[in-house]
Amino acid sequence: MPIFIVISYTAILILSVVISGYLSYEGLLRTAEEITLPLVVFLMTVILAMDATISYFRSSERSYRLPIVIWMVAAFFSIASNFNFLYSNFMRDDVTENTVTRQIEIFRSDLVETRDQLSELDAVRYSTALRTNLALEFDNLYNQIKDPLRPGCGEECRGHMGEIERILGQSITNLAIPPIGSIPDVVEDWYSRYRSAAEEILAVSLRATDEPAIKLLLKRIENALLEYDTAARVMSSKGGLEVLAGMSGLSLDIEREANALLPEGKTVSHRDIDPTLGRLGEIVYAFQNGFGEMPNPMATAISIVLASVIDLIPFLLSFALFGKGRLERQIKTGTSRGSGKRTIIS
C-alpha cells in the first residue's frame, strides 16, 4: 500500500505540473513573449522539486519551512498566469463587447456635443440663413418663369432677381434675360446658368469666412458618427478592441480642429479613450478586470479556484500522505498475552 500511495502521488504531481505548465505558458505568452517557455520550465521545475522536497522532508522529519516559502513564490506566479488564461477565456467576448460599447458611447457623445457647438457659430448660422433665403428666392423665381401661360422673365421675375442680388451683395452680369413669351427650353437654360452663377458668387464670398472649414469638420463628424454607430457593427467590421486606437486618435483630431475654430471660452474637451482597455490575455489587465472592475464575480471565483487547485493539490497531498506515522508499517510493542492474560513465551 505505501508503494501504491507513493506512485499515485508521483503521478498526480507530474500531471498537475504538466497541466499547470500549459496554463502558465498560455497565460504568460502575451506578457513574457519569447522568454515564456524557459520561464515556465523554470517555474514548473521549482514547484515539482519543492513538492517532492516537502514530501521527503516530512517523511524524514526534517524542517520544510524553507521549501514551503520557495514553493509559495513559484506558485504565486504560476497561479497568476493560470488565472489570466482561464479568466481571459471565460470573459474575453463579454469584456470586449462591454468595453467597445462604453467607449463608443463616450466617443459619440463628445462628437455630438462638438457638432452642436460648431453649428451654433455665427459663420455657420449666417451662411445657413443666406443659403436658405437664396434657395427660397430661386424657388419663387423658377415658379414665375415657368408659368405655362407667360413663360419668361417679366416684372415680377425681375423683382425676385433683385432680391437674389441683394442677398448676394452684387449683381449677376453677362446673362441675357429671356423676355415673356420665350421658348421654355431657353428659359430653363437661362435659369440653370443664372442659378449656378449666383451659387458660385455665394461660395466665393463665404470662402473668406470660417464657414468652409466648419462645414468640412461637420461633415467629418457626421461620417465618424455613421462609421462608429453601434458596438456590434464596429466589432464585426473593425475587429473589436483594435478599433479603440483609431477612435482615440480621431476624437483628439476633431477636438483640436474644433477648438481652432471655436471662440475662447467655448472650447470643447473630449474624454480620453484608452486603447489598452479590455486587453484580457495579459496578467495586469486580467487582474484589473477580474478583481478591480469585477463584471462577473462568478467567473472570477471559478477562475481563481481552478487556477489554484492545480498547484495546491500536490502541495496538500504532501502533508496528507507524508510525515511521521503516515507510510511506516505499524509495529506492535509490549508483551503478547494469551487467554487468561497469561504471558506467551515464544
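Our subject is the structure listed above.
Please read these numbers as outputs of a predicted model, since none were measured by experiment.

Draft legend 1. Geometry of the side chain of H270. Along the chain, H270 falls in the loop between α9 (243-261) and α10 (283-293). Looking at H270, its side chain comes within polar contact range of the side chain of T114, at 2.6 Å. Every residue in contact with H270, bar those within four places of it in the chain, is listed here: D110, L111, T114, S251, I254 and E255.

Draft legend 2. Seen up close, unusual backbone geometry. You will see that E33, though not glycine, has its phi angle at about 55 degrees, which is positive. Inspection of the secondary structure puts E33 in the loop between α1 (2-32) and α2 (36-59). A positive phi angle, close to 45 degrees, is found at M294, a residue other than glycine.

Draft legend 3. Examining a nonpolar patch on the surface more closely. Among the surface-exposed residues, I12, F90, M298, I302, L306, V309 and I313 lie close enough to one another that they form a single nonpolar patch of about 580 Å² accessible area. If one sorts the elements of the nonpolar patch by residue count, helix α11 (residues 297-321) sits on top with five residues. Relative to the helices and strands, I302 is located in helix α11. Taking the relative accessible area as the measure of exposure, I302 reaches 36% and is therefore partly exposed.

Draft legend 4. Quick look at the state of the cysteines. In the structure shown here, the tally under the stated rule is one disulfide. With its sulfur 2.0 Å from that of its partner, C153 forms a disulfide with C157. Between C153 and C157 the disulfide shows an S-S torsion of about -95 degrees. By sign, it is left-handed. You can call C153 buried: its relative accessible area is 4%. For C157, a relative accessible area of 0% gives the class buried.

Draft legend 5. Focus on the nonpolar core. Counting residues in hydrophobic clusters, the biggest one holds 32 residues, and the most contacted among them are L28, M44, W71, Y87, M91 and L280. Within the residue set of this core, elements represented by two or more residues are α1, α2, α3 (65-119), α10 and α11. Looking at which element gives the most residues to this core, the answer is α3, with eleven residues. Not counting the four nearest positions on each side in its chain, Y87 is found in contact with L280, A286, N289, G290, P295, A299, T300 and S303. Counting 28 residues, the second largest nonpolar core, distinct from the first, contains I104, V124, I214 and L241.

Conventions and cut-offs
- Residues numbered from 1 in each chain as written.
- Predicted model: local features only at pLDDT ≥ 70, side-chain atom pairs only at ≥ 80, totals over all residues.
- Heavy atoms only, no water.
- Helix = DSSP H or I, 4+ residues; strand = E, 2+ residues; numbered from the N terminus.
- Polar contact = N/O pair within 3.5 Å; in protein donor to acceptor, adjacent residues only side chain to side chain.
- Contact = heavy atoms within 4.5 Å.
- Patch = residues over 30% accessible without salt bridge, like charges linked within 9 Å, V, L, I, M, F, W, Y side chains within 5 Å.
- Areas by Shrake-Rupley, 256 points an atom, 1.4 Å probe, with all protein chains shown as cover.
- Salt bridge = Lys/Arg side-chain N within 4 Å of Asp/Glu carboxyl O.
- Buried < 20%, exposed > 50% of the residue type's maximum accessible area, 1.4 Å probe, protein only.
- Disulfide = S-S within 2.5 Å.
- Core = buried A, V, L, I, M, F, W, Y, C linked by side-chain atoms within 4.5 Å.

Take it as geometry only, folks, not as evidence of what the structure does.
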